[in-house]
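Overview (structure and organization)
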Amino acid sequence: MELSLTQPDDWHLHLRDGDLLEAVAPLSARHFGRAVVMPNLRPPIITTAAAIAYRESIMKALPEDSNFTPLMTLYLTDRTSPDEIKLASK
């Protein structure tokens, strides 16, 4: 039996922000098709709006011909409302 993974997923990716994002995103996209992006930036990604903005930053950092899909997450706190989670799930 043989199993070939042509482009695996990264289930725990820290892309960070700024210069690190610019450096890491293209490298990750070269090896992975999708990634679960960790939200613990400074400040953390705690709202859907922030996750959308962060995703846009990630997409801008990728080469134009990239097929990479960032799967966005929220940093959950004791103030995260059920409505925010429902909104993020869309």
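What you see is a predicted model; the values in this text were computed from it and never measured.

For the protein, the helix and strand inventory stands at 3 helices and 3 strands. The helix and strand sequence of the protein, counted from the amino end, reads β-α-β-α-β-α. Considering only C-alpha atoms, the protein reaches an extent of 45 × 35 × 20 Å along its principal axes. Within the protein, the proportion of its 90 residues that are buried is 29%. Within the protein, contacts between residues at least 6 apart in sequence are counted, and of these 68% link residues at least 24 apart. Total accessible area computed for the protein in this model is approximately 6700 Å², and 55% of it derives from carbon and sulfur atoms. Across the protein, the centroid of the 9 positively charged side chains sits 6 Å from that of the 12 negatively charged ones.

Our next topic: the nonpolar core. In terms of nonpolar packing, the biggest core is built from 16 residues, with Leu-15, Leu-21, Ala-25, Ile-45, Tyr-54, Ile-58 and Phe-68 touching the most fellow members. Contributions of two or more residues to this core are made by helix H1 (18-31), strand E2 (34-37) and helix H2 (48-61). Those residues within four positions of Phe-68 in sequence are excluded, and the remaining contacts are Leu-13, Ser-28, Ala-29, Phe-32, Gly-33, Arg-34, Ala-35, Ile-58, Met-59 and Leu-62.

A separate point is the pattern of salt bridges. Oppositely charged side chains are able to pair whenever their charged atoms sit close together. Tallied over the entire structure, the rule returns 1 salt bridge. A salt bridge links Asp-9 to Arg-34; the nearest nitrogen and oxygen atoms lie 2.5 Å apart. A residue pair is termed long-range when its members are at least 10 positions apart, and Asp-9 in strand E1 (residues 9-13) and Arg-34 in strand E2 qualify at 25 residues. You can call Arg-34 partly exposed: its relative accessible area is 40%.

About the thresholds
- Residues numbered from 1 in each chain as written.
- Predicted model: local features only at pLDDT ≥ 70, side-chain atom pairs only at ≥ 80, totals over all residues.
- Heavy atoms only, no water.
- Helix = DSSP H or I, 4+ residues; strand = E, 2+ residues; numbered from the N terminus.
- Buried < 20%, exposed > 50% of the residue type's maximum accessible area, 1.4 Å probe, protein only.
- Contact = heavy atoms within 4.5 Å.
- Areas by Shrake-Rupley, 256 points an atom, 1.4 Å probe, with all protein chains shown as cover.
- Lys, Arg positive; Asp, Glu negative; His and termini not counted.
- Charge placed at Lys NZ, Arg CZ, Asp CG, Glu CD.
- Core = buried A, V, L, I, M, F, W, Y, C linked by side-chain atoms within 4.5 Å.
- Salt bridge = Lys/Arg side-chain N within 4 Å of Asp/Glu carboxyl O.

Purely geometric stuff here, so don't read any function into it on its own.
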